[in-house]
Protein chains: 4
Amino acid sequence: MSTPMKEEKVFKDPVHKYIYVQDQTIWDLINTKEFQRLRRIRQLGTCFLTFHGAEHSRFSHSLGVYEVTRRIISQFERNQYEDWPKEERLLCLCAALLHDVGHGPFSHSIEKTFGSHHEEWSCRIVLGDTEVNQVLRRVSPAFPRQVADVISKTYHREIVVSLVSSQLDADRMDYLIRDAYFTGVNYGTFDLDRILRVMRPYQGHIVVKESGMHAVEDYLMSRYQMYWQVYFHPVTRSAEVVLHSIFQRAKKLYEEGYRFQFMIAPLHKLFQQQLTVDEYYFLDEAFMQTVLMQWSLEKDPILSDLCSRFLQRRLFKYITLERIDTQLMERLGSLLQSFGIDPDYYLKIDFPSDLSYDVYRPGEQDEKLPILLLDSKNTLSEISCKSEIVRSISGIHMGKYHLYYPHELLLNHLQELDADVRILLGLS
Amino acid sequence: MSTPMKEEKVFKDPVHKYIYVQDQTIWDLINTKEFQRLRRIRQLGTCFLTFHGAEHSRFSHSLGVYEVTRRIISQFERNQYEDWPKEERLLCLCAALLHDVGHGPFSHSIEKTFGSHHEEWSCRIVLGDTEVNQVLRRVSPAFPRQVADVISKTYHREIVVSLVSSQLDADRMDYLIRDAYFTGVNYGTFDLDRILRVMRPYQGHIVVKESGMHAVEDYLMSRYQMYWQVYFHPVTRSAEVVLHSIFQRAKKLYEEGYRFQFMIAPLHKLFQQQLTVDEYYFLDEAFMQTVLMQWSLEKDPILSDLCSRFLQRRLFKYITLERIDTQLMERLGSLLQSFGIDPDYYLKIDFPSDLSYDVYRPGEQDEKLPILLLDSKNTLSEISCKSEIVRSISGIHMGKYHLYYPHELLLNHLQELDADVRILLGLS
Amino acid sequence: MSTPMKEEKVFKDPVHKYIYVQDQTIWDLINTKEFQRLRRIRQLGTCFLTFHGAEHSRFSHSLGVYEVTRRIISQFERNQYEDWPKEERLLCLCAALLHDVGHGPFSHSIEKTFGSHHEEWSCRIVLGDTEVNQVLRRVSPAFPRQVADVISKTYHREIVVSLVSSQLDADRMDYLIRDAYFTGVNYGTFDLDRILRVMRPYQGHIVVKESGMHAVEDYLMSRYQMYWQVYFHPVTRSAEVVLHSIFQRAKKLYEEGYRFQFMIAPLHKLFQQQLTVDEYYFLDEAFMQTVLMQWSLEKDPILSDLCSRFLQRRLFKYITLERIDTQLMERLGSLLQSFGIDPDYYLKIDFPSDLSYDVYRPGEQDEKLPILLLDSKNTLSEISCKSEIVRSISGIHMGKYHLYYPHELLLNHLQELDADVRILLGLS
Amino acid sequence: MSTPMKEEKVFKDPVHKYIYVQDQTIWDLINTKEFQRLRRIRQLGTCFLTFHGAEHSRFSHSLGVYEVTRRIISQFERNQYEDWPKEERLLCLCAALLHDVGHGPFSHSIEKTFGSHHEEWSCRIVLGDTEVNQVLRRVSPAFPRQVADVISKTYHREIVVSLVSSQLDADRMDYLIRDAYFTGVNYGTFDLDRILRVMRPYQGHIVVKESGMHAVEDYLMSRYQMYWQVYFHPVTRSAEVVLHSIFQRAKKLYEEGYRFQFMIAPLHKLFQQQLTVDEYYFLDEAFMQTVLMQWSLEKDPILSDLCSRFLQRRLFKYITLERIDTQLMERLGSLLQSFGIDPDYYLKIDFPSDLSYDVYRPGEQDEKLPILLLDSKNTLSEISCKSEIVRSISGIHMGKYHLYYPHELLLNHLQELDADVRILLGLS
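Residues numbered from 1 in each chain as written. Chains lettered and ligands numbered in written order. Predicted model: local features only at pLDDT ≥ 70, side-chain atom pairs only at ≥ 80, totals over all residues.

Asker: Teacher, can you tell me more about the relation of the copies chain D and chain B here?
Answerer: Copies of the same chain, two in number, are related to each other by a rotation about an axis and a translation along it. Of the two same-sequence chains, chain D is brought onto chain B (RMSD 0.0 Å, axial shift 0.1 Å) by a rotation of 180 degrees. The superposition operator between the copies reduces to a two-fold rotation axis. Considering only C-alpha atoms, the residue of chain D closest to the rotation axis is Ser-392 of chain D, which sits at 2.9 Å. Residue by residue, 100% of the interface of chain D is reproduced at the interface of chain B, so both copies engage with the same surface. (Least-squares fit on C-alpha atoms with pLDDT ≥ 70 in both. Contact = placed C-beta atoms within 7 Å.)

Have a look at this one:
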């Protein structure tokens, strides 16, 4: 099924040193236009506005996920573990490589406004009339379907799904280390080699030898720290808030029949939520940044202002709230309104933990496959039964509400603000 | 002149750990729209097509150059060196931060085709009606002019110029390490701390204590390796060649009155070589990538094909030549022509060392300020008088000619090729 | 009081890059014979038998503690914090440098057997007739006493003591990173620069800005992991157990009047617990290893066997017990006895957490100065009130009992062992 | 011949992350007393007195050389290169592991004074009545002889010898990186993974693909820098000079019948140059440091002084000379004599490059197997024919003479020194 290459190819990678390509199918997939498009999508969305090093693409990350998967499988094969279904190797590698192929620019804000989902797009690209699909069909006619099943977590064999998508999967193992490397923070470092060494296929699951528990604890702590220090950083969130306001405003204008000076394909289709796979290809981050740049010249003052803010990094300031105070929101909303500032776009509550991110919390609804420890007597236990550290992280509910608003605009209205509002917003 | 900030601010940086901002002027410059624009210009142009990690921006690099300069000056001040003109501190820092502010997207190809120059643009931004200029004028009315003089190397004090632009300047010290970090290669690592420790202001020059000679040798070797392993990598050069063909074709079409389907501001002005500073702001890399994407849909088959090649990384192959063989070129040109392939865009000679890059070669025309060693008796000598290693690198002329061509197109014409051409192009 | 050096001196250090010496007193202290002696004491005792890289000395670590302290103070001075008592700078630096100067070889085992204590020895060296004392007295006659007070934590100013000895002190910050570097494990890495940046002198305490809480959490997690992964590693503990048996046996023999073939100064005095400072100087790790080597030739079979075991790394095996089972111990003891193996030296219970190590546990008796967070309203809170992570680590009681025994000797007596003992010891 | 282990074992290593043991023979060799003894021999002799981190042992290095060899062979096997003699795998691994097993403490000085040689000792240990020999004989009766042949470079197959001992061998590849890691300098870093990837077995040689030439250049530059920055550092050399004076003095005293207060086995045999393999085992670095410590109490003032100097790091100062000036030496010798200082021990010329170290110099007598490049047409060329960088390093003759003398003693005799001597020695 898999054709080995005449000679192994490598990519130089700052995180894994080298990424090794040994199968013609993988090589061909990397060279499709759909995969190359990932070079034009940043891995961390708006995070580069907080950590300027975070300019790496989903292309790099996707290669990394592939490489981690390759190393895990190579370890399984080298040790000839009987519970490893050897025939699934290429499927795992392809799914690992392609799991993010449907990611668009600034996914969170766009998906929130226009209701698409990157996982669905990945499947559409895998199954549609694409170069990716052609390469996969060369393996077998049923292969694209299988890859899509793994990506959408419906494949019949849990062990295959869990390599790409579980609480301890190649996806997270790559992005934690990679994002730490490019942002320059220390938090994402854990002993990847050691974790790979203690992973085992066992009765249809991927499990971890109990002796590796501390390494997994370390990985989970990294994840915890990365979420709260990097991914949920209030400045990054502020950029998301501005971006969401932009799309929300543009959508409103579009629905109201506003005549955009800049409105080229495939924008119409995006607004109409009718993008085809072919059109989706053109919707990369370079395109969206050009759109923002052009919209900063639009006549609508709100759209224009918000776009300039994003491009010039003049973001909203924030205050932290323990809970949502509806009365306060209404009062601030009225105030802004009275100053001619539309609170629909300029006053936003953000609550990091209600995102679909996944600090490790067994028991929650969106739960992924849990981490199982295998002890010397071949008993399996979920890790939080054994590790007090994991148990304690799991219970923690850290989210706080952040209220975002245009601080500098209020400076012109200091006189008109009550003392308590001034204190609340740090304007006194 | 300089207003210290109430509280030092920092940027997390993967290369220097932290970048420290202590002056209000620096903080304000970073927040101008012209400086923020550098986030949308990649530091290494097309190099990300060879080393996928090389996706970092000129924004990151410019902060880095500023930081290296700050550390050098801080060392000079801490040691109270008498030959250091303390009043030039802020000028050095601003020039360091802004030296690349005029960089456009894919500078080499665009400058080659349209005859602009990024250093000129830096000066135009510093002197023109810009946010940068406003911030600088707040220091003093003459200050923008001084910054521009340092950037264009005409400032009256060599010591100021040489911090930003010499054979051992903050610019190179940052980019070698930064580019090595993001590409993941080992070559760019040298002991920056040690070099900073052995630098001295001395009689109007920046010199290096002789005891630091080996550290400087190591830096020069890094530079040598980075040029030949990264910056002149044949695949990166191939992307440049394709890009140059694109702009060359577009210019030709424009001059011939071709009706582009996609031709928005400021493209017209670019073709007419009449861009204003305001228009230049819109010409970032996101814009140029969108242009390439849209042009891949143009009717002109050459322009469309070249753009797709670039975006999908289907670059030209190359062979190495010891010298330019005019006869061979003509013969290959005719062959391509006879297959319907226009050799003006599809057959290119590239000779890396005729670029304006600067492997250390004292004696050459474009020579920058040399590296001077200061011995214990306060005698100065140019480093290649003392170091055999430097002497030997300086003499080396490594450049070879590379001939780029569309290998895969020729596969359809194998029968029509003579045996020697087939052997030459590795098609036999 | 402090004489700055004409020119700053540096030591190249793998952990901090460079260690900067700026005071003549520090330079002179480093060059005393007592401080140079620390080159002959390993930082991690027997740990090199588990992690072969852990061969670094207390000399390196002591320089590191000095350097971390220097950087903290330098930050305090640069920011001109009013609550920092500037006049204590040199005292802090000297105490940081000298806090371990009294450490002997294999401290834990020797101190356990012979009842000395390294902190006392540090004070004796600071106050006694030594080169260190001479250097300190040159600062002022009272200075040695002050240094000794800081080391023994009785100095009247808490802020000075807490730099060198608290839950977040220069000592731990250096050793966690250094031990991680030399062993090669990942666990000890945290963002030292960030922690230094958020430390503040405040009303007689060293406190941490609340915004730095996550960095401190990361540091505490590192500490937790280093204790359980490195410092309490069962193989390292096994070497300690063997070492303790050696000294216990030698002491018994000495008290019984055994004629040692190798018994040179200052061994007699060690046994008699009457070492002078002059004699203590000779008791370094090279000496103790030579003693072990020579004692491996002694006629007493127990002493000789134990020494060979240690030198050739033939350590005891272990099993893990949830609690101490006196009956089991007695039964195993009798068994060993019946095979001619003396259980006093060959059967040992070890319980890591009853050592004086300090996983962060506020509320325990040996409690060090806690970590205080300073919020934006200048309120102080102990960190575990704010951080759920810290709270959860603090409560964890992970210690398990390890039973050490000479596994390979029992293999000769398999027939004589009951089934349950065989199962318990993994001999079936 | 080789018995694979039931389960792969690993050692955590700071340089290679993990060292993998897959053969029972390797595991058994590591556990012999002779190999464990290497824990008590520092890899870099006196270098820790210059770079305090350089406290790592030959044990660590030997494991590293084994691991690099294992990775090279594993690459050869994975790619199924036909020119690789598979049956030599275990021999290569054993020779790599054991090549330094005969190293004694402070080898250079002791070998210079007492005329032994560490390579001979390695062979004696491999062939003698030792635990190492027993383990090897279990492979086959002829196996110890083969291992000894590889170590002494007389084995009939060049390809086996060259893995362990050539211009690009596992020995150097490990020590350059390891010594850089532990000293903390940058110089030793090169791309080991890349070099391993371009090595090929070819017609009985180990060769390098020409495309890897730059990586090899980088390795050779690292080597060059490490020699001149670390291994030949004048302070390290000064410690060697003092050490040599100590052994020279002790030998003289011994020959004159001086009654040493401290003279235990195996010192007598060392002086008589009649050490057996059993006695050699006791001669580790801990022993020699104890000897130096005890001799610092001897009555002979020269021996006592020199030992204290070494232990307390009060080394000789030096001046650099372009050539040996016999007249000057005689004059200085007489001067010292007239001050009661014996020039035989206190005035020494050192010329780094006359050591047996090996900056890469094809053409010299002690030449090791050269580095061969294999181009795409399967032609071999010695690297300096292709690389101007290598050619230029090869020709460089950097050695200068250093004159070592006890600077501080001369300060008492300033009046008695002529002006030119004072200037020469920097005493004016």
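From this point, things continue past the structure.
Asker: Please explain the interface of chain B and chain A as it appears in this structure.
Answerer: The partner chain A presents 32 residues to the 32 residues of chain B that form the contact. Every element with two or more residues in the side of chain B that touches chain A is listed here: β1 (4–13), α2 (33–36), α3 (58–78), α10 (170–183), α16 (285–295) and α17 (301–312) of chain B. Broken down by element, the residue count for the side of chain B that touches chain A peaks at five residues, all from α16 of chain B. (Helix = DSSP H or I, 4+ residues; strand = E, 2+ residues; numbered from the N terminus.)

Asker: Any chance you could explain the nonpolar core here in plain terms?
Answerer: Generally speaking, a soluble globular protein has its nonpolar side chains buried in company with each other. In this structure, Val-147 of chain A, Val-147 of chain B, Val-147 of chain C together with Val-147 of chain D are the most contacted members of the largest nonpolar core, which totals 521 residues. At 11 residues, helix α12 (residues 213–231) of chain B tops the list of elements feeding residues into this core. In this structure, Val-147 of chain C is in contact with Leu-91, Cys-94, Ala-95, Leu-98, Val-126 and Leu-136 of chain C, ignoring residues within four places of it in sequence. (Core = buried A, V, L, I, M, F, W, Y, C linked by C-beta atoms within 7 Å. Buried ≥ 20, exposed ≤ 12 C-beta atoms within 10 Å, placed from the backbone.)

Asker: Sorry, what's going on with the environment of Phe-182 of chain B here?
Answerer: Position of Phe-182 of chain B among the secondary structure elements: in helix α10. Residue classification places Phe-182 of chain B among the buried positions, given that 29 C-beta atoms sit within 10 Å. Dropping the residues within four chain positions of it, Phe-182 of chain B is found in contact with Pro-14 of chain A together with Gly-53, Ala-54 and His-56 of chain B.

Asker: Would you explain the relation of the copies chain B and chain A in this entry?
Answerer: Superposing chain B onto chain A takes a rotation of 180 degrees combined with a translation of 0.0 Å along the rotation axis, leaving an RMSD of 0.0 Å. Interface overlap between copies: 100% of the residues of chain B at the interface are likewise at the interface in chain A, consistent with a symmetric, same-surface contact.

Asker: Help me understand the interface of chain D and chain B, please; the structure alone is not making it clear to me.
Answerer: When the parts of a complex come together, some accessible area is lost, and that lost area is often used as the size of the interface. Contacts between the two partners involve 14 residues from chain D, matched on the other side by 15 residues from chain B. Only α12 (213–231) and α21 (388–395) of chain D provide two or more residues apiece to the side of chain D that touches chain B. For the side of chain D that touches chain B, the element with the most residues is α12 of chain D, which contributes six residues. Along the lines of polarity and charge, the residues of the side of chain D that touches chain B split into five nonpolar, six polar and three charged. (Nonpolar A, V, L, I, M, F, W, Y, C, P; charged D, E, K, R; others polar.)

Asker: Would you take a moment to explain the domain arrangement of chain A for this structure?
Answerer: Residue and element names in this part refer to chain A. When cut into domains, chain A gives domain 1 (4–232) and domain 2 (234–315). If you average the C-alpha positions of domain 1 and of domain 2, the two centres end up 29 Å apart. Taken together, the contacts link 26 residues of domain 1 with 21 residues of domain 2. Of all the secondary-structure elements, those providing two or more residues to the side of domain 1 that touches domain 2 are α2 (33–36), α5 (107–114) and α6 (118–127). When residues in the side of domain 1 that touches domain 2 are grouped by element, the largest group, six residues, is from α5. Here the residues of the side of domain 1 that touches domain 2 sort into 10 nonpolar, nine polar and seven charged. (Domains from an automatic or database assignment.)

Asker: Would you take a moment to explain the environment of Asp-13 of chain D for this structure?
Answerer: Along the polypeptide, Asp-13 of chain D turns up in strand β1 (residues 4–13). Residue class for Asp-13 of chain D comes out buried when judged on the 21 C-beta atoms lying within 10 Å of it. When the C-alpha atoms of Asp-13 of chain D and Arg-40 of chain D are compared, they prove to be 18 Å apart, with 27 residues separating the residues in sequence. Those residues within four positions of Asp-13 of chain D in sequence are excluded, and the remaining contacts are Gly-53 and Gly-184 of chain C together with Tyr-18, Ile-19, Leu-63 and Gly-64 of chain D.

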